[in-house]
Structures are given as structure tokens and as C-alpha cells.
Amino acid sequence: MSEFLKSVYRSFDKAAQFTNIHKGLLEQIRVSNAVYRINFPVRFGNSYRVIEAYRVQHSHHRLPTKGGIRYSPTVNQEEVEALAALMTYKCAIVDVPFGGAKGGVKINPRELSDKQLERVTRRYTMELLRRNFIGPAIDVPAPDYGTGPKVMAWILDTYMTFKIGELNAAACVTGKPVAQQGIRGRKEATGRGVYYGLREYMQLKSEMKRLGLTPGTKGKTVVVQGLGNVGSHFARIAHEEGEMKIIGVVEMEGSFYNPDGIDIPALLRYRKEKGTIEGFEGVQKLPKQDDALYLECDVLVPAALEGVIHSGNMKKIKAKIIAEAANGPLTMEADDFLTKKGVAILPDVYLNAGGVTVSYFEWLKNISHVRFGRLEKRFQEQHSGQMIDLIEEITGKRVTKRDKQFIIKGADEIDIVRSGLEETMVTAFYQVYEVFKRRKHVNDLRTAAFITALQKIANDYLALRIFP
Ligand code: GLU
């Protein structure tokens, strides 16, 4: 069994011993409920390529199942199974009412043209359709490593071609472009959720004292590994809203460092324009690829792929907190070693759940056929305006124009999405933290998060009376 799947199973087993869930039910929760493996041909020019692909629905205890689709040359069945299982626990922790799923297509999206990618995506979607593995009430894909809004738009278009007249068709996939029935705030959601989770943790006085830090995010040093969708949004939000100091970044082109804090918005703009960090003036390049991972810092944020911190490099990690923005960035050995060393690890299964949370909001928007804020925004504005008028009249004082504008402004879709995401991440954080604090032998947040998830899923099964 692959290291990654083993590590998910191990976290599960570790947590299971702290619950009194029936053994049979535990086994049912643990295993993948359905695995679909396909090889399909795609024509590229004059030749054909056979493509290996998967969709795993880990748990049907709630429907639809939900989870991203990964495009990567290293995709394999066990990796998709591990990721699908994480989705089940993630959804349970943040009370997103879905089972977990994940898809994988074994291709390198960097080597394919847009046309080729579109072909692969449409064919993959057709394969899912043929087996009833996609649909608003069945299984709802989303972006993951190597995919994004464009791919989601192709999936929707293919789905709609075959499902003419299906009222809720748009809810068959999330992470769509805003103009194609997506939702504002989905792109930044995972990174923003990571920031909210980290911020909550860093407010805890006792935890910060143990780590030798003062509470709060302001001025704390951070290293981010991976500036993809998750890492780049996290870095920007941590820099702008958390006033954190991002001192290092690791990307494919190497490690970059600035002890005074990198100007993240400038770096992201530069990278977007030039396609590389190389040549950006505000940083110094370190000699080896991963050097920034080993910098002295308060928080290390692995935000790319699984297994980046392993037995070979774990001893070099000097961070006090590891915020798992990616899925499974620590191998089991690294997890054990760093936990024992006293490093605080904020687990993926909670911390990166912001993506699927906003996917849930997008799905709600699609099945309700109305944009959040549309109905009540003007009413709110008028109501607040009247309140201010009244206060001015009673007190005889005037509220400044700026304050007035701020108070009156009704909530737009983006405000509602961010507020819902913050509420979700904060509530889930304290649920997990409560378990961590109250259970005597639970000494890591990952186990606490898994216990939280298992209890919720077991309750669902019991309510379904599948296990009377
Ligand atoms: N791929 C993302 C994850 O790993 C998002 C899944 C979704 O939005 O359904 O959580």
C-alpha cells in the first residue's frame, strides 16, 4: 500500500480507538465505497493516446459525494483513494453535508495544449456520465492540483450537452468561472480558509506560550511552499490581512528569501507576468531547490503536493507551526517526529477545508438559482440608512460620510461567502480544539480532527439505520 494511503488509514485507526463506534461500522467508514478506473483513448493529431483515469467515491453516507479532480503524471489509484477519504473527513469536520470523493487523470497538464486538455476533460466527463458518476445529487467534482475553473467549465458544458432540461445541471461541478455559474470567492477559498484556521490557532495564549510566541499573526515569519492557487492566495491574505511576514517561498524554480518579508502582491504580479520568480528584485535566491523549507520561521505552509516533508528532510525543519494547506504534505515518519519534537501541526483535514466549504456554497447557489445577497441587499441598506437617520435626529450629531457608507453597505455575494467561510472555519476549529483539550491521551490536532469526523459520520450512519 502506498505511504499516503497508509498514513490516512493510520490517522483513522489512531482516532478510532478513542471512539466507541462499532467495529463493523468503522470498517464501513474506512474503506472506499466505489472505485471507478478507466482507460480511454484520446486523439491528438494523427495519433491516439490511452489515458488512465479514476474517480473514487469514498463514502456514500451523505450524497452527493464531493471532491476535486487532479491532473498529474503521478496519479494512481491509491493516491486518489487517500484523497477521497480525506474529503469525507474534511466535509464532516466543517459540516459540509457531502460524502468524500476524488478524481485523477494521469496526464501532465503542462505538456498539453488547451485543445488537448479540453479533449481529455470532455472525454473523462463522458466516461463519468456513462457510469452515473457525476451529477448534482450524485457526485460533484471541483478543481484540485493541475485543474481550475477552465476545466470545470468544460465539464459543465459536456454534462449539459447530455442532460438537456435538467434544472440543476449547473450544480454538477463546482469551482466554475464566475461568469459560468460559479461563485465569487471560490478561487481564494482554500487559501483564505487556511489563513482563518491559522489565525484562530495563533490567538490561543496557552499554545503560543508553549511555542515561545506571542499571540496573534502580526509580524510572524512564514515560509510558503508552492505558489499555486492555494499557496498564492494564502500568502497574499496572510500578508495583507494578517500582517504576517512571508520570508521565504519555494517553487519549481527554487527557493527565494527575504528576511525583512517579501512584498507578496509584487512577487505574484511579477510571476504572473514573467512566468517565474527568477529575476524578481525583492528576494535572494538560495543555493538549493528546497532551502527555504529549512529556514528558521514561525510558520511553514506546505501548499503543493503530498509527502514533501519526509524522513529524509524532517530533521532540518525549524518551523514552530506547520500549517498543512496541501493534502498529506507530511509522511507518517515526519508527522511522528515533528509532533514529538513539539511542532504544532494544523492538519490538512481541517485546515484546507475552505475550498470544499465554498464549493458547497456554490452548489447551494446553483440549486437555488439565485445569487447570495440578491434578495436582501437593498432592504438591508435602506434599513441601516433609516437607523442612522434616526440616530442623527435623536443625538443631533452627524455620522461622517465615510462611516455612513461603511455601515449602510448591504452584503454582496463575496461578503456573504467570506463571512460563511470564516464562520465555518472558526466553528470547526473550536470543535476540534475542544476534543484535543478534553481527551487525555490525544496529543495532536490531527487525531482530534479525525475523532470529530468519525463521530459525525457514525451518527449519520446510525440515523440512516444502516447499522441499527
Ligand atoms: N480539491 C479541493 C480539496 O481537496 C476542493 C474540493 C471541492 O471543492 O470539492 O479540498
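Residues numbered from 1 in each chain as written. Predicted model: local features only at pLDDT ≥ 70, side-chain atom pairs only at ≥ 80, totals over all residues. Heavy atoms only, no water.

**Q** Could you clarify how one ought to interpret the site of the ligand in this entry?
**A** Inspection of the region around the ligand gives 14 residues, with Lys66, Lys90, Pro143, Asp144 and Ser359 positioned closest. Between the ligand and Asp144, the relevant distance is 2.8 Å, taken from a nitrogen atom to a side-chain nitrogen or oxygen of the residue. In the environment of the ligand, an oxygen atom lies 2.6 Å from a nitrogen or oxygen atom belonging to the side chain of Ser359. Taken by itself the ligand offers 290 Å² of open surface, and the protein chains cover 94% of this. Secondary structure elements with two or more residues in the shell around the ligand: strand S3 (65-71), helix H3 (77-93), strand S5 (139-143) and helix H12 (354-368). Looking at the shell around the ligand residue by residue, the class counts come to four nonpolar, five polar and five charged. (Near = heavy atom within 4 Å. Polar contact = N/O pair within 3.5 Å; in protein donor to acceptor, adjacent residues only side chain to side chain. Areas by Shrake-Rupley, 256 points an atom, 1.4 Å probe, with all protein chains shown as cover. Helix = DSSP H or I, 4+ residues; strand = E, 2+ residues; numbered from the N terminus. Nonpolar A, V, L, I, M, F, W, Y, C, P; charged D, E, K, R; others polar.)

**Q** Honestly, the environment of Lys176 in this entry has me stumped. Any pointers?
**A** Looking at the secondary structure, you find Lys176 in the loop between helix H5 (149-162) and helix H6 (189-202). Considering only alpha carbons, one finds Lys176 and Gln289, 113 residues apart in sequence, at a separation of 33 Å. Separated by 2.8 Å, the side chain of Lys176 and the backbone oxygen of Ala170 make a polar contact. Separated by 2.7 Å, the side chains of Lys176 and Asn366 make a polar contact.

**Q** Looking at this structure, I do not really get the packing of aromatic side chains. What am I missing?
**A** Note on aromatic pairs: each is described by the distance of the centres and the angle between the planes. Applying the stated criterion across every chain yields a total of 14 aromatic pairs. An angle of 10° between the planes, with centres 5.8 Å apart, marks the rings of Phe429 and Tyr433 as stacked. With Phe429 and Tyr433 both in helix H15 (residues 413-438) and four residues apart, the pair spans about one turn of that helix. These aromatic residues form a ring-pair network of at least three members: Tyr201, Tyr350, Phe429, Tyr430, Tyr433 and Phe436. Positioned above the aromatic ring of Tyr9 is the side chain of Arg30, whose terminal nitrogen or guanidinium carbon lies 4.2 Å from the ring centre. (Phe/Tyr/Trp six-rings, centres within 6.5 Å; stacked < 30°, edge-to-face > 60°. Lys NZ or Arg CZ within 6 Å of the ring centre and 35° of its normal.)

**Q** Got a minute to help me understand the side chain of Glu251 in this structure?
**A** Mapped onto the secondary structure, Glu251 falls in strand S7 (residues 245-251). Judged by relative accessible area, which is 11%, Glu251 ranks as buried. (Buried < 20%, exposed > 50% of the residue type's maximum accessible area, 1.4 Å probe, protein only.)

**Q** Looking at this model, I keep getting lost on the environment of Arg37. Mind explaining?
**A** Of note, Arg37 is situated in strand S1 (residues 34-44). Residues Arg37 and Glu52, 15 residues apart in the sequence, show an inter-C-alpha distance of 7.6 Å. Setting aside chain neighbours within four positions, we find Arg37 in contact with Glu52, Ala53, Tyr54 and Gln77. (Contact = heavy atoms within 4.5 Å.)

**Q** What should I look at first to understand the sheet that holds strand S6 (residues 221-225) in this one?
**A** Adjacent strands of a sheet pair through backbone hydrogen bonds, lying either parallel or antiparallel. An order of S9-S8-S7-S6-S10-S11-S12 is seen for the seven strands of this open sheet, with the pairing classed as mixed. Every other strand in the sheet has two partners, leaving strand S9 (284-285) and strand S12 (344-346) as the edge strands with one partner each. Sheet topology note: the strand S8 (residues 254-257)/S9 ladder contains two bridges and is antiparallel. Bridged to Tyr257 within S9 is Gln284. (Pairing = 2+ DSSP bridges.)

**Q** Whenever I open this one, the sheet that holds strand S4 (residues 99-105) confuses me. Can you help?
**A** Taken in spatial order, the five strands make up an open sheet running S1-S2-S4-S3-S5, and their pairing is mixed. Two strands in the sheet have a free side with no partner beyond their single neighbour: S1 and S5. Taking each pair of neighbouring strands and ignoring which way they run, the sheet shows an average axis angle of 25°. Note: S3 against S4, five bridges, orientation parallel. Bridging from a neighbouring strand, Tyr71 pairs with Val105 of S4. Strands S1, strand S2 (47-57), S3 and S4 of the sheet are contacted by helix H4 (residues 114-130), whose axis makes an angle of about 140° with S1. (Axes fitted to C-alpha atoms, helices over the stretch in contact; angles between N-to-C directions.)

**Q** When you look at the packing of helix H2 (residues 23-30) against helix H16 (residues 445-464) in this model, what are you seeing that I'm missing?
**A** Between two packed helices, both the angle of their axes relative to each other and the distance between the axes serve to describe the pair. Viewed as axis vectors pointing N to C, H2 and H16 meet at an angle of 105°, and their least axial separation amounts to 11 Å. On the basis of the axis angle, H2 is roughly perpendicular to H16. Seen from H2, the contacting residues are Leu25, Leu26, Gln28 and Ile29; seen from H16, they are Leu454, Ile457, Ala458, Tyr461 and Leu462. In the contact of H2 with H16, the residues fall into eight nonpolar, one polar and no charged. (Parallel < 35°, antiparallel > 145°, perpendicular 65-115°, else oblique.)

**Q** Help me understand the pairing of S8, please; the structure alone is not making it clear to me.
**A** Two faces belong to every sheet, and in a regular strand the side chains alternate between them. The sheet contact formed by S7 and S8 spans four bridges and is antiparallel. Paired with Gly248 across the bridge in S8 is Tyr257. Linking two consecutive strands that pair antiparallel, namely S7 and S8, is a turn of two residues.

**Q** Even after reading the chapter, I still don't get the layout of surface pockets, so can you show me in this structure?
**A** The probe, sized like a water molecule, is rolled over the atoms to show the empty space still left. Taken as a whole, the second largest pocket encloses approximately 180 Å³ of empty space. Residue lining of the second largest pocket: 14 residues in total, with Arg210, Val343, Ala344, Asn443 and Asp444 positioned closest to the centre. Those elements giving two or more residues to the lining of the second largest pocket turn out to be helix H7 (205-211), helix H10 (332-341), S12 and H16. Residue composition of the lining of the second largest pocket, by class: six nonpolar, three polar and five charged. (1 Å grid on protein atoms, 1.4 Å probe; cavity = no way out; pocket = protein on both sides within 12 Å on 5 of 7 lines; lining within 4 Å. Points joined across faces, edges and corners; volume = space filled by probe spheres on them.)

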